[in-house]
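Spelled out from the first residue to the last, the chains are:
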Amino acid sequence: MTFSRTYSRTLILLRFFALRSVFGGTKDPMRPSLARRGLRFGGGWRQPDRLAFLSGVPLSSRRAQDVRAPFGPSHFSRPIRPLSETAVGTSPPPTGAPPSDAEAYLSALNLVVEIVESKRQKAMSPAKTADWEFAVRWCRLTDPAERTPLDSRIRSVLAGHEDEDGEEVDFPSLVRAQAERCIERTAMTSSQRQAVTDLLAGVSRHCANLTVHAPLPTAWEKVLEAGIVLPDRGLSTFLFVFHDSDVLPQRVEEVAAFHDRFYPQSEKFTTLRVKALLSRGDVAAAERLLDAVAAHGPEELKLRSYLPLLREFCDPARSRPGEALRLLSRMMRATSVYFEPGIFTLVLACLARAGHFRPDAAPLPAAKRADYPPRGRALFDKIVQAMSQRVLDIEEEDVENLRDALAPFAAQKGFLAERVTVDAATARCPRSGVRLRLVALDEDQRRQMGEDLVRMSDVQYVGYRDKMLRRSGAKSKNLEALHPPTQGMDEITKFATWLDTREGEPFTAIVDGANVAYYGQGFAEGTFNYHQVEFLVSALEQMNEKVLIVVPQKYTMEIYNMNHKKRKTSRKMDPDTRAIVDRQVPTCPFSPHPPR
C-alpha cells in the first residue's frame, strides 16, 4: 500500500473516474441524486420529500404577514419565531399557481436559518445574537416598500450601458453609495452587515448544492440592495446557479459584470459566461469573449472554455465545419489546453457529415487559414495525425459516432471505417496493414518525469506541513522536529528506490486507493470502502495488469478517522475489510505521514 496521503496524489494513474465505467456511476459524479443520498440537517437525516418547498412552495399566510411587518426598531426587537412553527418542510398545496421568486427565496432562507441554528454547538454572545436576529429579519424583507431603493445606474452598468456622455462609470463608487444608503436607512452596523453577507452567501450555497434556481434572483437583489461585494468564491456560486438555469441566463452577464468590476477576469467565469451566451444563441458574442480573454486575460483558457463553442459548431442541426476546424487549430496552439479523446472525433464527424473528406468536395476556406489541406483524404490524414500526437485512446461512444459519420466514404479507395482486433504480437491492423505506434518514454523523458515528481512532492508536502504547523499551535515545535521540510522529497525518493530495487514483475497500474474507496461514500454511514478497491483491482488483474495500490496508512488501522462533509467521523474496520487489507498489505512498505 502506501507511505503518505500527500505523496499518493502524485502517483495517480487510475483515479476514481475509472469507476464511472466499472460501477456505472452517474454522468456527473459531483451531483448524486437527492433520492440516493438524502440530506443531513443538524443531527438527523431528512428525505428529499421534505425539501419540496425549495422549488418554491409558498409560505403560510401567518409567516408571510410576519415577514412583511413594518420596517423599524420594533420589527428588529421581536424574537425570531421558531422555525418549527413555520411552513418550512411542509408539503406543497395540491393546487394553485406556482410560487413567486420571493416566496421561494423566503423558503430557502428559512431552511438556511434552521440549518445554522441546528448546527450551533454553543450559545452565542448577546451581541452576536442581536446581529444574527437583525440579519435574519433584514433578509426576510422582500416587499419593495420595506427595501432600500437600488440606484438605477447600478442596473444600467450591469446591463452593459454607459452614462449619457458615453464615459465609463465608476462602478465601485456606485456600490459604496448604495451601501451607505442602506446603512443609513436601517442603522446597520458593520457586524450586522457581515451577518447579512454570510446569510445570503449561505442561501446561494444551498441553492447550488440542491440545484435550485428560484430563490436566487431575490437573493441577488438583496446583495445589490445592501451594496455588498461578495468574495470571488461567493460570486462564483451565484454565477454557477444562474448558469445552470434555463430561465435565468440574463443574470449570468449581470453577475459576471459585477465580478469583473472588482476582481480579475477568471477562466472559470469566462467558461460560464460562454455557456450562458450560447444558451441565448449569441454565438458571435461568445467568440468575442474568448478572443478578448485570450488576448488580455490574466489566465490562459482551458479546454472547458473552448468546448461549449466547439460543440455548438459541430452540432448536426447547426453545423459549421469551417469554424469548428478553425477553433480546433486555435486550441492546438494553446499550451493550456489538454485534449480529451472525443475532441478530435467531434470535429472529424462534423467534417465527414458535411462531405469535406470527398476528393471532389468544394475547398474549405477555413482549412487554408488554419494551415490544413482544403479537402479530401489529405485533410482527414492531417487531423488524425494531430490526434495521434495528443490522445492515446478513444471512448466507445466516440468510436461509434465517428464510424457512422465515415460510413458514406467506406466505398472510396483508401477509406476504411470499421472496428478490428489488432494482433498483440504484430501490432498490425488486419484491414489496413498499418502497424500501431508504440508509445514509450525515452531515457531523457523518464528522467524528467522522475524529477518532476520529486519537485511536485516537495512543493505539496511543504504546503501541507505549513498548514499542519499553523493548526497545531503549541505543538508545532514537536511536529516540526518530527517532520522536517525535506521529508516529502525523502519519502518519494525512497518509494522510487523501492520500486526500482524490489524483486518480481514491474507494476503496470497504480491505483489511488483513497479516491476509489471514497467514491460514492458521501452519506451518513459511508466508509472507506475497501470492497470497491478490491473490485477494481480484480477487474484490472483480469486484464493482465500488475496492480499496486496506494492508500494512506491510517486506513489500515482497526479504528480510523475519515472525512465526511468536512467533518471527521470515526470508523471501525470490520472482519471482511480487515481480510482485504491483510491480503494487500505486503505489496508495499509503509511510512507515516504528519499527524493531524
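1. Some thoughts on the overall build of the protein chain
Here is step 1 of the chain: On a plain count of helices and strands, the protein chain comes out with 27 helices and six strands.
Here is step 2 of the chain: Sequence-distant contacts, at least 24 apart, represent 68% of the contacts inside the protein chain between residues at least 6 apart.
Here is step 3 of the chain: Within the structure as shown, the protein chain displays about 32,000 Å² of accessible surface, and the carbon and sulfur contribution to it stands at 53%.

2. Some remarks on unusual backbone geometry
Here is step 1 of the chain: Residues other than glycine seldom take positive phi values, yet Thr211 does so here, at roughly 55°.
Here is step 2 of the chain: Mapped onto the secondary structure, Thr211 falls in the loop between helix 10 (190–210) and helix 11 (216–226).
Here is step 3 of the chain: A residue is classified by how much of its surface remains accessible, and Thr211, at 33% relative accessible area, is partly exposed.

3. Quick look at the pairing of strand 3 (residues 509–512)
Here is step 1 of the chain: The side-chain alternation of strand 3 yields two buried faces, one formed by Ala509 and Val511 and the other by Ile510 and Asp512.
Here is step 2 of the chain: Where strand 3 and strand 4 (residues 547–550) come together, four bridges link them in parallel fashion. Looking at the pairing, Val511 lines up with Ile549 of strand 4.

4. Some points on the packing of aromatic side chains
Here is step 1 of the chain: Using the criterion set out here, one finds 16 aromatic pairs in the structure.
Here is step 2 of the chain: Through a chain of ring-to-ring contacts, three or more aromatic side chains come together here, namely Phe171, Trp220, Phe238, Phe242, Phe258 and Phe262.

5. A few points about a negative patch on the surface
Here is step 1 of the chain: A cluster of like negative charges, contributed by Glu340, Asp393, Glu395 and Glu397, occupies part of the molecular surface.
Here is step 2 of the chain: Looking at the element boundaries, Asp393 is found in the loop between helix 20 (376–388) and helix 21 (396–406).

6. Here we look at the environment of Ala427
Here is step 1 of the chain: Within the fold, Ala427 resides in the loop between helix 21 and helix 22 (443–472).
Here is step 2 of the chain: In this structure, the C-alpha to C-alpha distance between Ala427 and Leu438, residues 11 residues apart in sequence, is 8.8 Å.
Here is step 3 of the chain: Residues contacting Ala427, with those up to four places away along its chain left out, are Val422, Val434, Arg435 and Leu436.

7. Points about the pattern of salt bridges
Here is step 1 of the chain: As enumerated under the stated definition, the model contains 21 salt bridges in all.
Here is step 2 of the chain: Glu254 is paired through a salt bridge with Arg251; the nearest N and O atoms lie 3.4 Å apart. Separated by three residues within a single helix, Glu254 and Arg251 lie in helix 13 (residues 249–262), roughly one turn from each other.
Here is step 3 of the chain: Note on Arg251: relative accessible area 16%, which makes it buried.
Here is step 4 of the chain: Three or more residues are tied together by salt bridges with common partners; here these are Arg155, Glu221, Arg251 and Glu254.

8. Here's the deal with the confidence of the model for the protein chain
Here is step 1 of the chain: Of all residues in the protein chain, 74% attain a pLDDT of 70 or more, and the chain-wide mean is 75.
Here is step 2 of the chain: Considering only residues more than four positions removed or in separate chains, one finds that residues 1–97, a stretch of pLDDT under 50, has 202 contacts.
Here is step 3 of the chain: Considering only residues more than four positions removed or in separate chains, one finds that residues 587–596, a stretch of pLDDT under 50, has 45 contacts.

9. Here we look at the packing of helix 22 against helix 24 (residues 487–501)
Here is step 1 of the chain: At a minimum axis distance of 7 Å, the contact between helix 22 and helix 24 shows a crossing angle of 140°. The orientation of helix 22 with respect to helix 24, classified from their angle, is oblique. Handedness of the helix 22/helix 24 crossing: right-handed. The segment helix 22 lies against helix 24, with Val454, Ser457, Asp458 and Tyr461 engaging Gln487, Gly488, Met489, Ile492 and Thr493.
Here is step 2 of the chain: Residues belonging to the contact of helix 22 with helix 24 are distributed by class as follows: four nonpolar, four polar and one charged.

10. Re the nonpolar core
Here is step 1 of the chain: The biggest cluster of nonpolar side chains holds 50 residues, and the ones touching the most others in it are Trp138, Leu199, Trp220 and Phe238.
Here is step 2 of the chain: With seven residues, helix 10 is the largest single contributor of residues to this core.
Here is step 3 of the chain: Membership of the second largest hydrophobic core comes to 49 residues, among which are Ala285, Ala286, Leu327 and Ala367.

11. Some thoughts on helix 11
Here is step 1 of the chain: Counting buried positions along helix 11 yields 11 of 11 residues, so the element is predominantly enclosed.
Here is step 2 of the chain: Every buried residue of helix 11 is accounted for by Leu216, Pro217, Thr218, Ala219, Trp220, Glu221, Lys222, Val223, Leu224, Glu225 and Ala226.
Here is step 3 of the chain: One or two steps after helix 11, the chain reaches Gly227, where phi turns positive at roughly 65°.

12. Side note on the packing of helix 6 (residues 101–119) against helix 11
A pair of packed helices is characterised by two quantities: the angle between their axes and the separation of those axes.
Here is step 1 of the chain: In contact at an axis separation of 7 Å, helix 6 and helix 11 are set at 80° when each is read in the N-to-C sense. The angle between the axes of helix 6 and helix 11 places the two elements in the roughly perpendicular class. In contact with Asp101, Ala102 and Tyr105 of helix 6, helix 11 contributes Pro217, Thr218, Ala219 and Lys222.
Here is step 2 of the chain: A class-by-class count of the residues in the contact of helix 6 with helix 11 yields four nonpolar, one polar and two charged.

13. Digging into the side chain of Gln521
Here is step 1 of the chain: Looking at the element boundaries, Gln521 is found in the loop between helix 25 (513–518) and helix 26 (530–542).
Here is step 2 of the chain: Judged by relative accessible area, which is 9%, Gln521 ranks as buried.
Here is step 3 of the chain: In this structure the side chain of Gln521 is engaged in a polar contact, spanning 3.3 Å, whose partner is the side chain of Gln532.

14. Quick word on the environment of Arg437
Here is step 1 of the chain: As for its placement among the helices and strands, Arg437 is situated in the loop between helix 21 and helix 22.
Here is step 2 of the chain: When the C-alpha atoms of Arg437 and Ala427 are compared, they prove to be 8.3 Å apart, with 10 residues separating the residues in sequence.
Here is step 3 of the chain: Not counting chain neighbours up to four residues away, the residues in contact with Arg437 comprise Ser388 and Gln389.

About the criteria used
- Numbering of residues starts from 1 in every chain and runs along the sequence as written.
- Restriction of local features to residues with pLDDT of at least 70 applies here, the model being predicted, together with a cutoff of 80 or more for giving and counting side-chain atom pairs; totals for whole chains, interfaces and linings are based on all residues.
- Hydrogen atoms and water are omitted, and side-chain values are computed over all heavy atoms in the structure.
- Only DSSP runs of H or I reaching four residues or more are called helices, and only runs of E reaching two or more are called strands; each is numbered from the N terminus.
- Every residue pair with non-hydrogen atoms within 4.5 Å of one another is taken to be in contact.
- Where accessible areas are quoted, they stem from the Shrake-Rupley method and a 1.4 Å probe; at the residue level, only the protein chains shown are allowed to cover.
- Residue exposure (1.4 Å probe, protein chains only): buried if accessible area is under 20% of the type maximum, exposed if over 50%, otherwise partly exposed.
- What makes two strands pair is DSSP finding at least two bridges between them.
- What counts as a ring pair is set by centres within 6.5 Å for rings of Phe, Tyr and Trp (its six-membered ring), and what kind of pair is set by the plane angle: stacked under 30 degrees, edge-to-face over 60, tilted for all other angles.
- Only residues above 30% relative accessible area that lack a salt bridge enter a patch, with like-charged residues linked at up to 9 Å and the nonpolar side chains Val, Leu, Ile, Met, Phe, Trp and Tyr linked at up to 5 Å.
- A carboxyl oxygen of Asp or Glu within 4 Å of a side-chain nitrogen of Lys or Arg is what we treat as a salt bridge.
- Charge convention: Lys and Arg are scored as positive, Asp and Glu as negative, and His as well as the terminal groups of each chain are ignored.
- Lysine's charge is taken at NZ, arginine's at CZ, aspartate's at CG and glutamate's at CD.
- pLDDT: the predictor's confidence for each residue, scored from 0 to 100.
- Axes here refer to lines fitted to C-alpha atoms; in helices the fit is confined to the stretch in contact. Angles between the N-to-C directions go from 0 to 180 degrees.
- When describing relative orientation, an angle under 35 degrees is termed roughly parallel and one over 145 degrees roughly antiparallel, while 65 to 115 degrees is termed roughly perpendicular and anything else oblique.
- Note on convention: near helix rotated counterclockwise from far helix by under a right angle means a left-handed crossing. Clockwise means right-handed.
- Three categories are distinguished: nonpolar for Ala, Val, Leu, Ile, Met, Phe, Trp, Tyr, Cys and Pro, charged for Asp, Glu, Lys and Arg, and polar for the others, with Gly belonging to the last.
- Among buried residues, those of type Ala, Val, Leu, Ile, Met, Phe, Trp, Tyr and Cys that are joined through side-chain atoms within 4.5 Å constitute a nonpolar core.
- As used in this structure description, the phrase polar contact means that two N or O atoms lie within 3.5 Å; if the pair is within protein, one of them must be able to donate a hydrogen and the other to accept it, and residues adjacent in sequence are counted only when both atoms belong to side chains.

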